[in-house]
Amino acid sequence: MLDLAWVRANLATVETKLEFRGMDPAEVLGDFAAIDAERRDAITRVESLKAQRNRIAEEVGKKKRAGEDASSLMEETRALKEQEESLAAAASAADLKLRTILEALPNLPQDDVPVGADEHGNRVEKIWGEETKFDFTPKPHWEIGEALGIIDFNRAAKISGSRFVVHFGAGARLERALAAFMLDLHTREHGYTEVLPPFMVNSKSLFGTGQLPKFAEDLFHMDDKGAYVPGELQEGDHWLIPTAEVPVTNLLRDETVDAAQLPINYTAWTPCFRSEAGSYGKDVRGMIRQHQFQKVELVKFTTPEQSSAEHEALTRHAETVLEKLRLPYRRMLLCTGDMGFSSSKTYDLEVWLPGQGLYREISSCSNFLDFQARRANIRFRAPGAKKSEYLHTLNGSGLAVGRTYLAILENYQQADGTVRIPDALVPYMGGQTVITKEAR
């Protein structure tokens, strides 16, 4: 969430950056300036009436001590109090309107983010590795996996519906191996602390990271406490997590940490659940857009001065996974029109998929500045400082396990239909070097 005082003082900048995001400032901000002026005027008048009432109260006291009639002054005090209460209620109503506007405002793009309307405005920052070439026509992962008997979409549809998959044998082991490999890399080499959080969270947690209230339709809500009511952030209701970003970031909600503890680096493996509302007809084949998938997440808490450097570091940590697996990828700097709601700057890592002849996003690494920290009330205190400040949060996939899995199937496929195991994963596969057809 953006700071009210900052928005007030920089309204023209806010309007310009909303336009960069492809949004209509008038629609998003509404009557912000008028409501803010109304609120400030009401507060000023309340303070004036309160001071006036205090002066009259002193006069009432003097008259009573002198044995004089103070009834007219007391009546005036009552009238002033009624005015004061009415104005206080108006200020409170205006404050609620402003908060509602601020909650719906996205984060603003940093100055070095390219301006663009959609993914076509994204900028290639880096390309690593050469696109995998074959002396045969490469197949997409769904054909490879089904032929090997390691993935089954039909049985998944039978037990759960569309956009699910069942893994068998070496396929199931590959998913497990990838998650273990990523966690070991990030904890042993990159210095992250592993966390295993709950896979269900409450509404306050989803508000803190920016999924609620705007993106409720993209989530799975549990029916344990009835229907979700927009504007009511309950602690007893539950949602399935769309990403480990939500529970891990909210570990520090409503807390203040010492600056000496920063940066705090967490990594977590979790399943992720997304309704994929509005995506029907897109990526219907294979494992690209699933209702349930696994992901290893990277989350950082840092000071404002270090957040840009930590963003670069986090992105490199995610890239290292791809490089150790020898998977070609490119780093994209997302443009203003393609960024997520809470992000101020995002790098997407896109892995090369030869079976489909394209690059696919496998990680988004974002710097949120203090946007999430304000929503979740996460602060830090510098040595000797009297007041605490909002810290900065960052996160990224390190990596999406299912998409890494399918990238291995497509990049390591062989002419006979088998799939080689990347060298880095062989120890995690119990020494297995090739996936052959499963008997089941």
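Residues numbered from 1 in each chain as written. Predicted model: local features only at pLDDT ≥ 70, side-chain atom pairs only at ≥ 80, totals over all residues. Heavy atoms only, no water.

Because the α-helix completes a turn every 3.6 residues, residues three or four places apart line up on one side. Listed in full, the buried residues belonging to helix H6 (residues 141-148) are His-141, Trp-142, Ile-144, Gly-145 and Leu-148. Mapping the buried residues of H6 onto a view down its axis gives an arc of 160 degrees, with all of them on the same face. Lining the buried residues of H6 we find strand E2 (151-152), helix H7 (153-159), helix H13 (401-411), strand E17 (419-420) and strand E18 (434-435). Looking one or two places after H6, you find Gly-149, whose phi comes out positive at around 80 degrees. (Buried < 20%, exposed > 50% of the residue type's maximum accessible area, 1.4 Å probe, protein only. Helix = DSSP H or I, 4+ residues; strand = E, 2+ residues; numbered from the N terminus. Arc of directions from axis to C-beta. Contact = heavy atoms within 4.5 Å.)

Counting across every chain of the model gives 30 salt bridges. Close ionic contact of Arg-253 with Asp-254 constitutes a salt bridge, the shortest N to O distance being 3.9 Å. Look at Asp-254 and you get exposed, because its relative accessible area is 55%. Among the salt bridges present, the one from Glu-310 reaches Lys-300, with a minimum N-O distance of 2.7 Å. With Glu-310 in helix H11 (residues 307-324) and Lys-300 in strand E10 (residues 292-302), this residue pair connects regions lying 10 residues apart in the sequence. The network of salt bridges with shared partners includes Lys-126, Glu-312, Arg-316, Glu-319, Glu-323 and Arg-331. (Salt bridge = Lys/Arg side-chain N within 4 Å of Asp/Glu carboxyl O.)

This part covers the packing of aromatic side chains. All chains considered together, the criterion is met by 8 aromatic pairs. Aromatic pair Trp-128 and Tyr-329: ring centres 5.7 Å apart, planes at 20 degrees, arrangement stacked. Here the residue Trp-128 occupies a position in strand E1 (residues 123-128), and Tyr-329 occupies one in strand E11 (residues 329-333), the gap between them amounting to 201 residues. By relative accessible area, which is 21% here, Trp-128 ends up partly exposed. Take Tyr-329: its relative accessible area is 0%, and that puts it in the buried class. Aromatic side chains Phe-134 and Phe-136 sit 5.0 Å apart centroid to centroid with 55 degrees between the ring planes, which places their arrangement in the tilted category. The class of Phe-136 is partly exposed, set by a relative accessible area of 24%. Taken together, Phe-215, Phe-341 and Phe-371 form an aromatic cluster joined through their ring pairs. Just above the ring of Phe-207 sits the side chain of Arg-375; from NZ or CZ to the centre is 4.1 Å. (Phe/Tyr/Trp six-rings, centres within 6.5 Å; stacked < 30°, edge-to-face > 60°. Lys NZ or Arg CZ within 6 Å of the ring centre and 35° of its normal.)

Per the stated rule, a full pass over the model turns up 0 disulfides. Of the cysteine sulfurs around Cys-272, a residue in no disulfide, the closest is that of Cys-365, at 14 Å. By relative accessible area, Cys-272 is classed as buried at 0%. (Disulfide = S-S within 2.5 Å.)

This part is about the pairing of strand E12 (residues 345-353). Of all 9 residues in E12, 9 are buried, a share of seventy percent or more. Residues Lys-345, Tyr-347, Leu-349, Val-351 and Leu-353 point to one face of E12 and Thr-346, Asp-348, Glu-350 and Trp-352 to the other, with burial holding for every one of them. Across 5 bridges, E11 lies against E12 in antiparallel orientation. The residue bridging Arg-330 from the neighbouring strand is Glu-350, located in E12. In this sheet, strand E13 (residues 358-367) lies alongside E12 in antiparallel orientation, the contact comprising 9 bridges. Bridging across to E13, Leu-353 finds its partner in Leu-358. (Pairing = 2+ DSSP bridges.)

Another point: the sheet that holds strand E15 (residues 389-390). Strand order across the open sheet formed by 3 strands is E8-E14-E15, with mixed pairing between neighbours. Among the strands making up the open sheet, the edge pair consists of strand E8 (255-258) and E15. Here E8 runs beside strand E14 (residues 378-381); their pairing, made up of 4 bridges, is parallel. Bridge pairing links Asp-258 to Arg-381 in E14.

Two numbers describe a pair of packed helices, the interaxial angle and the distance between the axes. Two elements in contact, helix H8 (residues 169-188) and H11, have axes whose closest approach is 11 Å; the angle formed by their N-to-C orientations is 130 degrees. By the angle between their directions, the pair H8 and H11 is classed as oblique. H8 and H11 meet at a crossing whose hand is right-handed. From H8, Phe-181, Met-182, Leu-185 and His-186 reach across to H11, where they touch His-317, Thr-320, Val-321 and Lys-324. Counted by class, the contact of H8 with H11 contains 4 nonpolar, 3 polar and 1 charged residues. (Axes fitted to C-alpha atoms, helices over the stretch in contact; angles between N-to-C directions. Parallel < 35°, antiparallel > 145°, perpendicular 65-115°, else oblique. Left-handed = near helix turned anticlockwise from the far one by under 90°. Nonpolar A, V, L, I, M, F, W, Y, C, P; charged D, E, K, R; others polar.)

Below, the discussion takes up the packing of helix H4 (residues 32-65) against helix H5 (residues 71-104). Following both chains from N to C, one finds H4 and H5 inclined at 155 degrees, their axes separated by 8 Å at the closest point. When the interaxial angle is binned, H4 and H5 end up roughly antiparallel. Crossing of H4 against H5: the hand is left-handed. In the contact of H4 with H5, the residues fall into 19 nonpolar, 3 polar and 14 charged.

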